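Per-entry structural report
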Amino acid sequence: MEGTESRSGTVSSVVADWSLVFWTLCSVILPVLITLWCSFQRSRRQMLIRDIFRKSKHDWHYTDLFGQPSYCCVCAQHVLQGAFCNCCGLRVSEGCLKKADQLFLCKEIMMRSNGGAHSSMPHHWIRGNVPLCSCCMICKQQCGTQPKLCDYRCVWCQYTVHDECMMDCLKTEECTFGEFRDLIIPPYYLSTINQMRKDKRTNYEKVVPYCRKHWMPVIILANTRSGNNMGETLLGEFKILLNPVQVFDLSKIAPAKALQLCTLLPCNAVRVLVCGGDGTVGWVLDAIDEMKIKGQERYIPQVAILPLGTGNDLSNTLGWGAGYAGEVPVEQILRNVMEADGIKLDRWKVQVTNKGYYNLRKPKVFTMNNYFSIGPDALMALNFHAHREKTPSLFSSRIINKAVYFFYGTKDCLVQECKDLNKKVELELDGERIKLPNLEGIIVLNIGYWGGGCRLWEGMGDEPYPLARHDDGLLEVVGVHGSFHCAQIQVKLANPVRLGQAHTVRLILKSSKMPMQVDGEPWAQGPCTVTITHKTHALMLYHSGEQTDDEASSMSEQDHMREQTDEDV
């Protein structure tokens, strides 16, 4: 009996051990299997969604959380996780994506030809998710107030109508394209132009939509990689208000290709809104210069700016502000573009020729819109550029970018890498050699602003100085004593060393290597000759919005000086 008891005790202990092992394995393996299964299902679901997005005519964008209460246009249920169309504004839950593709048409960029020419089109109504504070076009009362899928919105004119106010006549009524009819390229216009091209006719001026005299179609060129990464959001908002064919992402299509749309539109009528930094604006202006070379001068557009970069000095000079962070509605931006006045901007050729008898390399040639510099500010730009190339993801905020510039400026105050510049360079203005005082930097200006909002040529504004404009064919040349002097000028505690104005600037770097920059594009340069001459004019748009106190005082000082000059004459 003792043997039997011991044997049964051994068996029970073995069973207990195996039971422990089994449950231990279950507690480890089961969560792993569940995680793998969930991961597989998630990846499968994402693959199916991507496949729907790829085949769909809608410009779907997936979101985990809508920013405002949204209701699925198919099942009418409240939706947090789903997709929205960047062109027509349709919002659907994840499970209704395929059905939404079958039930709802997106904005048509070009009308389907039915054998005849079109000069109008009906409203394109989408039910639900109307903008906040929108009013019914029939009863003038607020729409979208009920917590459910209700009311209608036209994707072209943006008019909204209550469910109870929607009548059969509205469904077939001609769409007026709303407030921005002067900026929108209607689908029937493009279908007519397409037919004319097939017939080898090019008199597009006769095909003006709405019989309007002041049609000024706008083309949106947005750089989604600029500054504070707002480009992606702006692309969607502009596509909803305009024809999607007018909106281009410069990270996917080059400006030269996008601007060919101008050749299908009336001459001297097109306006371009560049959403990006000063570098993006320069890229677009270079593409416009290529149009001139191709003999397309009559299609040259006027250029407005929505500043998304770090410095935005050109935008500031032309009245478009020092930076955009979403504080102004997109509708107001389009109104500003419509009301802006046309002006000219000087563009300059910067040629850098290396020294040396056996130098066989071609001179480096740049196009300058803002400024050229040699010295501490170019050194800051060079250090910033080098670190941004290594870790571009860290430089996605305008505040961080300016903080990095501040760090390198403070470092240069202590190190003074560019001292005794006056002994290393020679400066000629219109062929006349200029005697240089003790300097660390020389800056050649084409526009009023420099260094992210500083009016460098003015300085403190407490002493007379020659008038400076961005369209007079003259460059302003100033010197600075170092990074600390630059900081003093930016807060109006010091004046720059004004070296003069000239139509042609020549700078000779005799020895050593020095940092240089053109419009924020820096490099380290050995002994060379830099020659700056006038290249061409660019057609820009000036926004005469609200002025700051500094701008108002600057304008009043310039007006006073102009009056004194007239009296002297």
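The rules behind the values
Residues numbered from 1 in each chain as written. Predicted model: local features only at pLDDT ≥ 70, side-chain atom pairs only at ≥ 80, totals over all residues. Heavy atoms only, no water. Buried < 20%, exposed > 50% of the residue type's maximum accessible area, 1.4 Å probe, protein only. Helix = DSSP H or I, 4+ residues; strand = E, 2+ residues; numbered from the N terminus. Pairing = 2+ DSSP bridges. Contact = heavy atoms within 4.5 Å. Axes fitted to C-alpha atoms, helices over the stretch in contact; angles between N-to-C directions. Parallel < 35°, antiparallel > 145°, perpendicular 65-115°, else oblique. Left-handed = near helix turned anticlockwise from the far one by under 90°. Nonpolar A, V, L, I, M, F, W, Y, C, P; charged D, E, K, R; others polar. Phe/Tyr/Trp six-rings, centres within 6.5 Å; stacked < 30°, edge-to-face > 60°. Lys NZ or Arg CZ within 6 Å of the ring centre and 35° of its normal. Core = buried A, V, L, I, M, F, W, Y, C linked by side-chain atoms within 4.5 Å.

**Concerning the pairing of strand S17 (residues 475–480)**
Where burial is concerned, most of S17 is hidden: 6 out of the 6 residues are buried. In this sheet, S17 lies alongside strand S16 (residues 441–445) in antiparallel orientation, the contact comprising 5 bridges. Counterpart to Leu445 in the pairing with S17 is Glu476.

**Some remarks on the side chain of Thr529**
Note on placement: Thr529 falls in strand S22 (residues 528–542). In contact with Thr529, other than residues within four places in its own chain, are Gln351, Val352, Thr353, Arg506, Leu507 and Ile508.

**Description of the packing of helix H5 (residues 231–241) against helix H9 (residues 330–339)**
Helix packing for two helices is described by the angle between their axes and how far apart those axes are. The N-to-C vectors of H5 and H9 enclose an angle of 70°; their axes lie 10 Å apart at closest approach. The orientation of H5 relative to H9 falls into the category roughly perpendicular. The two elements H5 and H9 meet at a crossing, and its hand is right-handed. Contacts from Leu234, Glu237, Phe238 and Leu241 in H5 reach Val330, Glu331, Ile333 and Leu334 in H9. Residues that form the contact of H5 with H9 fall into these classes: 6 nonpolar, no polar and 2 charged.

**Points about the packing of aromatic side chains**
For the structure shown, the criterion picks out 4 aromatic pairs. Here the aromatic rings of Trp156 and Phe177 are separated by 5.6 Å at their centres, their planes lie at 65°, and the arrangement is edge-to-face. Here Phe177 lies in the loop between helix H3 (168–172) and helix H4 (187–198) and Trp156 lies in the loop between strand S5 (152–154) and strand S6 (160–161), a separation of 21 residues in the sequence. Each member of the pair Trp156 and Phe177 is classed as buried. By way of ring pairs, the aromatic residues Trp156, Phe177 and Tyr188 are connected into one cluster. One cation-aromatic arrangement involves Arg455 over Tyr449; the distance from NZ or CZ to the ring centre is 4.8 Å. Sitting over the ring of Trp457, Arg498 keeps its end group 5.9 Å from the ring centre.

**Focus: the nonpolar core**
Ranked by internal contacts, the top residues of the largest apolar core, which has 96 residues, are Trp60, Leu221, Phe238, Leu242, Leu259, Leu273 and Met540. For this core, the leading source of residues is helix H7 (residues 278–293), giving 6 residues. Excluding anything up to four places from it in sequence, Leu242 contacts Lys107, Trp156, Leu183, Ile184, Val218, Ile220 and Leu334. Within the second largest apolar cluster, 32 residues are counted, among which are Val352, Leu427, Trp523 and Cys528.

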